[in-house]
Amino acid sequence: MENAVFLAKLEKDYTLSSMQQLEIADDILDGLAKHGLAKQKDKKSGLVGKFIHSELVEQHDGKMKLVTETTYGDEASNSYMGFGGLIITNFSRTENQFSLIPRFMVWSNQRPRINQFVAAPSLNSITVFYCDNQENINIDLKDKHKTLNGPSIAALYAATIDNNGVIKREILATKANKDEKRTTAELIQTYIANKQ
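Everything numeric here is computed off the predicted structure, so don't read it as measured data. (Residues numbered from 1 in each chain as written. Predicted model: local features only at pLDDT ≥ 70, side-chain atom pairs only at ≥ 80, totals over all residues. Heavy atoms only, no water.)

**Student:** Teacher, can you tell me more about the side chain of Thr 70 here?
**Tutor:** Structurally, Thr 70 can be placed in strand β6 (residues 64-74). Residue classification places Thr 70 among the buried positions, given a relative accessible area of 1%. From its side chain, Thr 70 meets the backbone oxygen of Gly 85 in a polar contact 2.9 Å long. (Helix = DSSP H or I, 4+ residues; strand = E, 2+ residues; numbered from the N terminus. Buried < 20%, exposed > 50% of the residue type's maximum accessible area, 1.4 Å probe, protein only. Polar contact = N/O pair within 3.5 Å; in protein donor to acceptor, adjacent residues only side chain to side chain.)

**Student:** Looking at this structure, I do not really get the environment of Ala 155. What am I missing?
**Tutor:** Within the secondary structure, Ala 155 sits in strand β12 (residues 154-162). Since its relative accessible area comes to 1%, Ala 155 is described here as buried. Along the sequence, Ala 155 and Asp 132 sit 23 residues apart, while their C-alpha atoms lie 5.6 Å from each other. Each residue touching Ala 155, except ones within four places of it in the same chain, is listed here: Tyr 130, Cys 131, Asp 132, Gln 134, Ile 171, Ala 173 and Thr 174. (Contact = heavy atoms within 4.5 Å.)

**Student:** How do you make sense of the nonpolar core when you look at a structure like this?
**Tutor:** One broad trend across soluble globular proteins is that nonpolar side chains are buried collectively. Counting 16 residues, the largest nonpolar core has Val 5, Ile 24, Ile 28, Leu 32, Ile 87, Phe 91 and Phe 98 as the members making the most contacts within it. Of all the secondary-structure elements, those providing two or more residues to this core are β1 (4-10), α1 (26-33), β6 and β8 (98-101). Counting 15 residues, the second largest nonpolar core, distinct from the first, contains Leu 86, Ile 101, Tyr 157 and Ile 161. (Core = buried A, V, L, I, M, F, W, Y, C linked by side-chain atoms within 4.5 Å.)

**Student:** What should I look at first to understand the layout of surface pockets in this one?
**Tutor:** Think of a ball as big as a water molecule: rolled over the atoms, this probe shows where empty space is left. The volume enclosed by the second largest pocket comes to roughly 460 Å³. Taken together, 20 residues make up the lining of the second largest pocket; nearest its centre are Asp 27, Ile 28, Ser 99, Leu 100 and Lys 142. Put simply, the parts of the chain that give the lining of the second largest pocket at least two residues each are α1 and β8. Take the lining of the second largest pocket: its biggest share by element is 4 residues, from α1. For the lining of the second largest pocket, the per-class residue count stands at 8 nonpolar, 7 polar and 5 charged. (1 Å grid on protein atoms, 1.4 Å probe; cavity = no way out; pocket = protein on both sides within 12 Å on 5 of 7 lines; lining within 4 Å. Points joined across faces, edges and corners; volume = space filled by probe spheres on them. Nonpolar A, V, L, I, M, F, W, Y, C, P; charged D, E, K, R; others polar.)

**Student:** Looking at this structure, how should I read the sheet that holds strand β11 (residues 125-133)?
**Tutor:** Strand-to-strand pairing in sheets goes through backbone hydrogen bonds, with the strands running parallel or antiparallel. Pairing is antiparallel across the open sheet formed by 4 strands, whose spatial order is β10-β11-β12-β13. One side of each edge strand has no neighbouring strand; the edge strands of this open sheet are β10 (117-121) and β13 (167-174). Pairs of neighbouring strands in the sheet enclose a mean axial angle of 25°, with direction left out of account. Across 7 bridges, the pairing between β12 and β13 is antiparallel. (Pairing = 2+ DSSP bridges. Axes fitted to C-alpha atoms, helices over the stretch in contact; angles between N-to-C directions.)

See below:
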C-alpha cells in the first residue's frame, strides 16, 4: 500500500536531486479510512487504491503544494471505479505538512474520468476546484462525508488551502441552479479573476 509522497528536482542531465520523501500522516489516513480508502490495522497502513493523478502547484510566493487524488476499486485487476479524498502536501513546512479534502465519488452507470480536480495558485494559497455532494458543505472536514453517486446532487466546490494547511470551502454552482448557464471552466475562471 502506498503511504508516501515524493518531491525532487529534475536536473538538466535528467537525474533527480534534492529528493524529499514524506510519509502520509496518520490523521490523513484515518480520514481516508472512514470511506474505505486506507487501512490502519495490523501495522499495515497506507492507501488502498493508487495515486493516478497529482498536480504540483507553485504559489506566487514560491511555495509548492502537491494535490493528489486517491482512488478505489479492484487493485488486482487495476480497475478503479471511483475517486476519494484529495491529499494536499505542503513541502514548505517541516511539520503538519498534510491536509485532506474528504470526498467519496462513484458513478453507478459509468466509469468516472481521471483528473477530477483543477488546482490554481494565488499569492499564499492554492484553490482546488472539484465536484462533491452538495450536502457535504455542512459537514465538518473531520467527519465522514456523503457519497456523490450522481449528477443530480453534485456541486462545484472551491477549496482554498493556505500555508498553514487551513481549508476553506464554498460552493460555486449546483445542478439545481437552472439559471446558471456558464460552463465549469467559465465559473472557475470568474472565481480566480475575482480573487486576484
